[in-house]
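What follows is each chain in one-letter form.
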Amino acid sequence: MEEILRPLIVVLGTAAITVSAGLLVEKLLRYGAGRRPNIAVPSLRRLRLPLQVLLATVTLHAVYPLAELDLRQDTVIRNFLATAAVIAAVWLVIRTTDVVAESLLRRYAQRTSEISRVRQLRTQLGLVRRIVTSVLVVTTAAVAIMLLFPSLRTLGTSMLASAGVIGIIVGVAAQSTLSNLMAGLQIAFGDSVKIGDTVVVEGEWGTVEEITLAFLTVRIWDDRRLTMPVSYFNSQPYENWSRGGSQITGTVFLHLDHSTPVPQLREHLHSYLRECKEWDGRNWNLLVTDSTPTDIVVRATMSAADADDVWTLRCAVREELLTWLGRHHAHALPKIATSINHSVEQARPDDRVDMRAAAT
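Everything numeric here is computed off the predicted structure, so don't read it as measured data.

Definitions and cut-offs
Residues numbered from 1 in each chain as written. Predicted model: local features only at pLDDT ≥ 70, side-chain atom pairs only at ≥ 80, totals over all residues. Heavy atoms only, no water. Helix = DSSP H or I, 4+ residues; strand = E, 2+ residues; numbered from the N terminus. Buried < 20%, exposed > 50% of the residue type's maximum accessible area, 1.4 Å probe, protein only. Salt bridge = Lys/Arg side-chain N within 4 Å of Asp/Glu carboxyl O. Pairing = 2+ DSSP bridges. Axes fitted to C-alpha atoms, helices over the stretch in contact; angles between N-to-C directions. Parallel < 35°, antiparallel > 145°, perpendicular 65-115°, else oblique. Left-handed = near helix turned anticlockwise from the far one by under 90°. Contact = heavy atoms within 4.5 Å. Nonpolar A, V, L, I, M, F, W, Y, C, P; charged D, E, K, R; others polar.

A.B. asks: Pulling in residues and values, what's your account of unusual backbone geometry?
C.D. replies: Positioned with a positive phi, Glu202 is a non-glycine residue whose angle comes to about 55°. Position of Glu202 relative to the elements: it lies in the loop between strand S1 (198-201) and strand S2 (204-211). One non-glycine residue, Asp223, lies in the positive phi region at around 75°. The residue Asp223 is located in the loop between strand S3 (215-220) and strand S4 (225-229) in this model. The exposure class of Asp223 is partly exposed, given its relative accessible area of 47%.

A.B. asks: Which residues make up the pattern of salt bridges, and what values do they have?
C.D. replies: Counted by the stated rule, this structure contains six salt bridges. In this structure, the salt-bridge partner of Lys194 is Asp197, at a minimum N-O distance of 3.5 Å. In this pair, the class of Lys194 matches that of Asp197, namely buried. In the salt-bridge network here, residues are joined through shared partners; they are Glu204, Asp222 and Arg224.

A.B. asks: I'd like to hear about the sheet that holds S2, residue by residue, with values.
C.D. replies: Strand order in this open sheet of five strands is S4-S3-S2-S1-S5, and the pairing throughout is antiparallel. The two strands at the open ends of the sheet, each matched to only one other strand, are S4 and strand S5 (239-240). Inspection of the sheet shows S1 paired to S2 by four bridges, in the antiparallel sense. Looking at the pairing, Val200 lines up with Trp205 of S2.

A.B. asks: Tell me about the packing of helix H10 (residues 262-274) against helix H11 (residues 307-328), and name the residues and values.
C.D. replies: Helix packing for two helices is described by the angle between their axes and how far apart those axes are. In contact at an axis separation of 11 Å, H10 and H11 are set at 135° when each is read in the N-to-C sense. With respect to their mutual orientation, H10 and H11 come out oblique. When you trace H10 past H11, the crossing you get is right-handed. Contact residues: Gln264, Leu265, His268, Leu269, Tyr272 and Leu273 in H10; Leu313, Ala316, Val317, Glu320, Leu321, Trp324 and Leu325 in H11. Looking at the contact of H10 with H11, its residues break down into ten nonpolar, two polar and one charged.

Structure, rendered in structure tokens:
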């Protein structure tokens, strides 16, 4: 009876300690939320599960000798519990890193009104989190293998002794991966592009949605995703419409007839912009930028708060100007001659042959 009761007490005692720790953490979170409403309780609750797993594995590993099972696999079981405790500890560290990063970003966003600074901090924290997670996962995997398979410890020592040669081989084999890793760090701390920036890459306009250690994802205006290696942004030119501020000036080009009443068109543009909510009121203009024997080129410029507003504003202005011209000055729209040249048809046969030959 004692052989069954003793292990049962150990297991139930460990479970009681784990559940009590979870309830204590929940009460502390509620107490902290009552004293300081700005505490993100849902984020802190993400720490409860890995903390309970860590306490359970550590407690079982510590009290396992009290069970007096005397099994041949005692060493294996204790190594397994130790490995589980290490994994739970790493899990807790990763969750803690996430919570701290979210807390720092939230507080910084509340203190500053500069969106570009918030985007930069979000990018940096995201890359630092991925680096910490990668290092911890690799280290935990190595420790777990050493604990679960003691026979591999000698092999691990030999591998560490030859780490220099292995490092050279890995460096040569993973040049692209390492270059992307370094490029990711340069982007994160060099402020060239950030999450949320509006960019034009390979002729595609979109918003930077995610930056990892190897790839950068751009969400294009039609909801497609353009995934590119991070090293591209350190070696190829691209447009960043958000750098230096989100304000931007858009342009609309119209090809019109020479008889276009430009002053009236300019006045109508100004009156329309005053009623358009996307126009931020900074600047506007309408100029004739070119002239050809068949038409003139009119350029309308208008400013907006960000890239999304300027796109909407450009489309609205283009439609409004063309509609206004078609309604009040239809003669100003460009014309393409499609009628038959009667002077050629009425010419003598010999003259028509000479005119066609000259045309060819």
